[in-house]
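Now for the letters of each chain:
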Amino acid sequence: MGTKWNLVFPGGKRNALTFSYDDGLIFDRQLVQLFNQYQVKGTFNLNSGEFGRVAVDYQNGVEVEDSTIKSEEVATLYEEHEVASHTVSHPSLTNMDTSTMAYEVINDRKNLEDLTHQFVTGFAYPYGTYNNEVEQVLKMCGIEYARTVQSTHGFDLPANPLEWNPTCHHNDEQLMELAKEFCEKKDPYGRIRVFYVWGHSFEFGRNNDWYKMENLLAYMKPYFPDIWLATNHEIMDYYLAFKQAKYTADGNKIRNTSGIDLYFSGEEGIFCVKAFSEKEL
Ligand SMILES: [Zn+2]
């Protein structure tokens, strides 16, 4: 007897597209506008202690914009997207006292939740630095998943949600090649796949290379009907719901213990196990 079913994304889709952008500089306004135009979803990792900063930075001796968005605009600007934590003040968390680390995480969550009235359970590691101790503190602070800066050039969901390695950065030389592989080739085993791109909106703003994101979205748009356009949070919530469901040893019965409808691909096509319900196959 072979496998009776495999997990697929909502509506029976096998591909998902998600974005993750850090630091909340004012260029997020333009990026959100672009995302909204294409109706794709992003996760924005914000430092609540840095809101309303008016500043310049220097890049190769040239003055560049370094201002951040204001706290008052967080709820409306990111309304169609996910707001996630990036700590209060953007320190590297390794080699930091655990209580200070916890303060940086829990206070950022609290500040962002007060502004958005949403659950903030996502995270991106400032400077991409983490270790086991950091992961333990994140767990204690209610963080469910955390993005690293390690490109996989692949489309797998993470084995450990606190080490969610993205597919690639938007500056990756292979960005368009990977997009083509994702859109034009099917996984031979019918597995679900996530195309996960990350970066900072200030990179587009300072280098004036918005075309990189525009080209990617324009190329992928015709494939959108078959792609789940989702935030990091939506994808992880769905995946965790699948992990928490109960399955009999023979695979004949599934109990969905979550509030999210789960979709599977079986011998007779796509089927759904509704939230908080059981299905006999
Ligand atoms: Zn950052």
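Refer to the preceding data block for the structure.
Rules and cut-offs
Residues numbered from 1 in each chain as written. Predicted model: local features only at pLDDT ≥ 70, side-chain atom pairs only at ≥ 80, totals over all residues. Heavy atoms only, no water. Helix = DSSP H or I, 4+ residues; strand = E, 2+ residues; numbered from the N terminus. Buried < 20%, exposed > 50% of the residue type's maximum accessible area, 1.4 Å probe, protein only. Polar contact = N/O pair within 3.5 Å; in protein donor to acceptor, adjacent residues only side chain to side chain. Contact = heavy atoms within 4.5 Å. Donors = N, O, S within 2.8 Å, 3.2 Å for Na, K, Ca; no water. Pairing = 2+ DSSP bridges. Axes fitted to C-alpha atoms, helices over the stretch in contact; angles between N-to-C directions. Salt bridge = Lys/Arg side-chain N within 4 Å of Asp/Glu carboxyl O. Core = buried A, V, L, I, M, F, W, Y, C linked by side-chain atoms within 4.5 Å. Parallel < 35°, antiparallel > 145°, perpendicular 65-115°, else oblique. Nonpolar A, V, L, I, M, F, W, Y, C, P; charged D, E, K, R; others polar. Phe/Tyr/Trp six-rings, centres within 6.5 Å; stacked < 30°, edge-to-face > 60°. Lys NZ or Arg CZ within 6 Å of the ring centre and 35° of its normal.

Novice: Could you clarify how one ought to interpret the side chain of Thr-87 in this entry?
Specialist: Turning to its location among the elements, Thr-87 is positioned in the loop between strand E6 (82-85) and helix H3 (98-116). Accessibility expressed as a relative area gives 0% for Thr-87, which makes it buried. For Thr-87, the side chain forms a polar contact with the main-chain nitrogen of His-90, separated by 2.8 Å. With sequence-adjacent residues up to four places away left out, Thr-87 is seen in contact with Leu-46, Asn-47, Ser-48, Leu-93, Glu-104, Asp-108, Phe-123 and Pro-126.

Novice: What is the right way to read the coordination of the zinc ion from this model?
Specialist: For a metal with four tetrahedral donors the ideal donor-metal-donor angle is 109.5 degrees, while six octahedral donors give ideal angles of 90 or 180 degrees. In this structure, Asp-23 (OD), His-86 (NE2) and His-90 (NE2) serve as the protein donors to the zinc ion, at separations of 2.0 to 2.1 Å. When the donor residues of the zinc ion are listed from N- to C-terminus, their spacing reads D-x62-H-x3-H. As far as the burial class goes, His-86 and His-90 line up, both buried.

Novice: Honestly, the pairing of strand E4 (residues 56-59) in this entry has me stumped. Any pointers?
Specialist: Residues in a regular strand project their side chains so that they alternate between the two faces of the sheet. Where E4 lies against strand E5 (residues 62-65), 4 bridges are found, and the strand directions are antiparallel. Each bridged residue has a counterpart across the sheet, and for Gln-59 the counterpart in E5 is Val-62. Linkage of E4 to E5, two consecutive antiparallel strands, is achieved through a turn of 2 residues, within which Asn-60 is found at a positive phi near 50°.

Novice: So what exactly am I meant to see when it comes to the sheet that holds strand E13 (residues 253-255) here?
Specialist: Strands in a sheet are paired, the pairing made by backbone hydrogen bonds, and the direction either parallel or antiparallel. Spatial strand order, E12-E13-E16: 3 strands in an open sheet with antiparallel pairing. Looking at the sheet topology across the chains shown, the edges are occupied by strand E12 (246-247) and strand E16 (278-280). Sheet topology places E13 next to E16; 3 bridges connect them, and they run antiparallel. Each bridged residue has a counterpart across the sheet, and for Arg-255 the counterpart in E16 is Glu-278.

Novice: Looking at this model, I keep getting lost on the sheet that holds strand E1 (residues 5-8). Mind explaining?
Specialist: If you trace the 3 strands from one edge of the open sheet to the other, you get E1-E14-E15, paired in antiparallel fashion. The sheet is open, and its two borders are formed by E1 and strand E15 (269-273), each paired with just one other strand. When strand polarity is set aside, the average angle formed by the axes of neighbouring strands in this sheet is 35°. Two elements, strand E14 (residues 262-266) and E15, share 5 bridges in a ladder whose sense is antiparallel.

Novice: When you look at the pattern of salt bridges in this model, what are you seeing that I'm missing?
Specialist: Here the idea is simple: oppositely charged side chains can pair when their charged atoms come close. Applying the stated criterion to the full structure yields 13 salt bridges. Across the pair Arg-29 and Glu-73 runs a salt bridge, and its minimum N-O distance is 2.8 Å. Of this pair, Arg-29 sits in helix H1 (residues 28-38) while Glu-73 sits in the loop between E5 and helix H2 (74-77), and the two are 44 residues apart along the sequence. The shortest N-O distance in the salt bridge between Arg-109 and Glu-113 comes to 3.0 Å. Highlighted residues: Arg-109 and Glu-113, both in helix H3, separated by 4 residues, approximately one helical turn. Accessibility expressed as a relative area gives 14% for Arg-109, which makes it buried.

Novice: Looking at this model, I keep getting lost on the nonpolar core. Mind explaining?
Specialist: Soluble globular proteins: nonpolar side chains tend toward being buried together. Ranked by internal contacts, the top residues of the largest apolar core, which has 41 residues, are Phe-19, Phe-195, Met-213 and Met-220. With 27 residues, the next largest nonpolar core counts Val-8, Tyr-145, Trp-228 and Leu-262 among its residues.

Novice: Help me out: how do you make sense of the packing of H1 against helix H7 (residues 211-220) in this one?
Specialist: When two helices pack together, you describe them by how their axes are tilted relative to each other and by the distance separating the axes. Closest axis-to-axis distance for the H1/H7 pair is 11 Å, and the angle between their directions is 10°. If you check the angle between H1 and H7, you find them roughly parallel. On the side of H1, the interface is formed by Leu-31, Leu-34, Phe-35 and Tyr-38, while H7 contributes Met-213, Glu-214, Leu-217 and Ala-218. A per-class count over the contact of H1 with H7 returns 7 nonpolar, no polar and 1 charged.

Novice: Any chance you could explain unusual backbone geometry here in plain terms?
Specialist: Trans is the common state for peptide bonds, and a negative phi is the common state for residues other than glycine. The phi dihedral of Thr-87 is positive, around 75°, even though this residue is not glycine. For His-90, which is not glycine, the phi torsion reads 65° and is therefore positive. Mapped onto the elements, His-90 comes out in the loop between E6 and H3.

Novice: Is there a simple way to think about the packing of aromatic side chains in this case?
Specialist: The description of an aromatic ring pair rests on the distance of the ring centres and on the angle between the ring planes. A full pass over the atoms with the stated rule returns 24 aromatic pairs. Taking 6.1 Å as the distance between ring centres and 50° as the angle between the ring planes, the aromatic pair formed by Phe-35 and Phe-44 counts as tilted. The two residues Phe-35 and Phe-44 agree in class, both being buried. Taken together, a centroid distance of 5.6 Å and an interplanar angle of 65° make the contact between Trp-228 and Tyr-238 edge-to-face. Taken together, the positions of Trp-228 in strand E11 (residues 227-229) and Tyr-238 in helix H8 (residues 232-244) put the pair 10 residues apart, joining distant regions of the chain. Among the residues examined, Tyr-238 registers a relative accessible area of 1% and is labelled buried. By the ring-pair criterion, three or more aromatic residues cluster together here, those being Phe-19, Tyr-21, Phe-35, Phe-44, Tyr-78, Phe-204 and Trp-210. The positively charged end of Lys-180 is found above the aromatic ring belonging to Tyr-219, 6.0 Å away from the centroid. Across from the ring centre of Phe-202, 4.3 Å away, lies the NZ or CZ of Arg-206, which sits over that ring.

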